[in-house]
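# Coordinate inspection notes
Each chain, letter by letter, is given below.
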Amino acid sequence: MFSLLLAVSFLNSIPPASGYEISIYQVYPWYFWGLLIGATFLGQVVIVGSVRYSDGDDRTWVLGVILVLLSGTILLFMPIIRGYPVFGGVDELTHIGFVHDISAVGIADNIYPAMHLIVHLASVATGFAPSTVMKLMPIVMSFVFVGGMFYLAFNFYSRTHALYVLPFILFLFVGYKTQVPFVLSVLYVPFILYLFVKEQRTSATSVRIFLVIAIFGIVFFHPLTTAFLVLAMGIYVALEKTNLFSTEWSTPTMIPPLTVVVFSTWYLTFVGIIRRFERTANRITGSAAGESEFETVTSTVSTFSPDLTDLVTLAILDYGVVFILYALAGLFILVAGYLWLRNEIELNIFFVLFSLVFMLFTAVSMLSFVVDLGFGWGRVLFFENLFAAVLAGSLFYFLYQWLESRTVTTGVTVTLGVILFALTLVVVLGSFASVSATDDNPQKTEMDIDGAEWVLDNRDKEMLIDQYRISLWRYENFQNGTLTTSIRKEGAQPPEHFGYTANETIGQSYEEDSYLVLNQRGRITYPEVYADYPDYWAYTPQDFARLERDRTASKLYDNGEFDFYYIDAEERRPFVRSR
């Protein structure tokens, strides 16, 4: 607890961001992050120690949970502590636009309105701006996630079994910080699964009513999450039909078909959803092409030849949790299958359900990695993580139960400690974008927001606007809603090096007068993030300096980090607009 208090003191000693910062990790000293790592790991040790070395009535594990949650809460609040007006990818700006639309047209043409309605109502009730409420959504939903997983584990398993699962569940607490419907809907899934398990075990009318309400909620949150949940429930229905499991765990349910009916009734009225289904089907059959994650990765590696150390670091920080949890979950399925064949354990329907769902979505994630299915393999991993965490903790429960009489559990305990420490490192050091992971901070600054507002209010709407590392049409959504968009969405990047490799001025790269928007993020991304690869920089500090002296680039607006130029087209040499 002392380490957390010390960490909080460091937070208070450093003022909020006054502009764009390339990474949160560079703001605070290394020992601040060390304190968070130490507090998180200590909490995990307390949980494991409570179940391993204390009697059945010991409650010290609660202190461990509190320590981990407090550490995670600091991470979740970090964008707010830093004073970011908006944090996350560009989608967040558009979703705030959807919130503005509700005041004008309700939820008309809003495919997944649940999050937007929640933010709108909370904003009206509290007086906070929608962007402020939006930043709080991942924090609130992360606690909903932990609560759902907690009740699911303690209702699904024995107390001892649940306590082995708990540390792995808690590692996912800070894994979902973006403010988009899909991510937030995944955080809602454990609560639905808990109600589903509860309904199956008790058949209580009150639980069934809450479950039906929750099903309606998830449908309106996001279609992909609902589709994944339907697949999981479909597996349950198939298992139930086999009559291989205890009736205590398999009472009849209409929840899966109800979910399908609600899903179809809502989403099949949107042409965009139907077209997305068609594109996915065409890509699976090969009748339509799309670049997969595998093709993107291999193309990037072959083009830029990154250092092996950089590749390994990137893989660990971005996917370290996935690698560890999935390896443990896969090993658990092998161990459990072996023990079942030896008649040392009895399988129930939910035990098999979690294993089959994990294997199914492992296959789907692998397919979506090599084939562009239209939704990205990362989204499959988000959903699959819930089941992998439960299975990973179950592995150690079964190992301890199986090896208890063999007096060789010390090795298992040491292995568990090493794994928990490795997960702690990856979770804390991989929670935010970092230069080590060749990624820049998705922070939206006040200067960007103010500058974009000025441009939208003062520009000549007949002229095109080039832009780099900023999407003006998203800021237009943020300011005016999504009902009308006058800024082009694609093909708006200026020529590499602003055309100076072939021309004397930037104006010679344009056929007609245009605008150009640049910001601090764009100016420092290559030197900061790709410092070791200068030969591949599309824009250099020298290019930006030359632009300031260019007679064809007249600066119309400058607030210190956001620049707006008028580009006077001159006699030009042709260039090919890239990317």
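Scope of this entry: the structure provided in the associated data block.

Within the largest apolar cluster, 163 residues are counted, with the highest numbers of intra-cluster contacts made by Phe32, Trp33, Phe168, Leu325 and Phe396. Per-element accounting of this core gives the leading share, 18 residues, to helix α16 (residues 377–403). Apart from residues no more than four positions distant in its own chain, Phe32 is found in contact with Ala7, Phe10, Leu11, Ile74 and Met78. In terms of nonpolar packing, the next biggest core, distinct from the first, is built from 16 residues, Leu518, Ala538, Ala553 and Ile567 among them.

Packing of helix α2 (residues 30–53) against helix α3 (residues 60–81) leaves a shortest axis separation of 7 Å and a crossing angle of 150°. The angle between α2 and α3 places the two elements in the roughly antiparallel class. Where α2 crosses over α3, the two elements pack in a sense that is left-handed. Residue-level inspection shows Phe32, Trp33, Leu36, Ala39, Thr40, Leu42, Gly43, Gln44, Val46, Ile47 and Ser50 of α2 in contact with α3, the latter providing Thr60, Trp61, Gly64, Val65, Leu67, Val68, Ser71, Ile74, Leu75 and Met78. When its residues are assigned to classes, the contact of α2 with α3 shows 14 nonpolar, 7 polar and no charged.

The next subject is unusual backbone geometry. Phi at Thr438 is positive, roughly 45°, even though this residue is not glycine. Its place among the elements puts Thr438 in the loop between α17 (409–429) and β2 (443–444). Judged by relative accessible area, which is 25%, Thr438 ranks as partly exposed. Residue His497 is not a glycine yet carries a positive backbone phi of 55°. Its location among the elements puts His497 in the loop between α19 (472–480) and β4 (514–519).

Two strands pair when backbone bridges link them, and strand β5 (residues 553–558) and strand β6 (residues 562–567) are joined in this way by 5 bridges, in the antiparallel orientation. Note on β6: the bridge partner recorded for Asp558 is Asp563. Linking β5 back to β6 in an antiparallel pair, the connection comprises 3 residues, with Gly560 at a positive phi of about 105°.

Rules used in this analysis
- Residues numbered from 1 in each chain as written.
- Predicted model: local features only at pLDDT ≥ 70, side-chain atom pairs only at ≥ 80, totals over all residues.
- Heavy atoms only, no water.
- Core = buried A, V, L, I, M, F, W, Y, C linked by side-chain atoms within 4.5 Å.
- Buried < 20%, exposed > 50% of the residue type's maximum accessible area, 1.4 Å probe, protein only.
- Helix = DSSP H or I, 4+ residues; strand = E, 2+ residues; numbered from the N terminus.
- Contact = heavy atoms within 4.5 Å.
- Axes fitted to C-alpha atoms, helices over the stretch in contact; angles between N-to-C directions.
- Parallel < 35°, antiparallel > 145°, perpendicular 65-115°, else oblique.
- Left-handed = near helix turned anticlockwise from the far one by under 90°.
- Nonpolar A, V, L, I, M, F, W, Y, C, P; charged D, E, K, R; others polar.
- Pairing = 2+ DSSP bridges.

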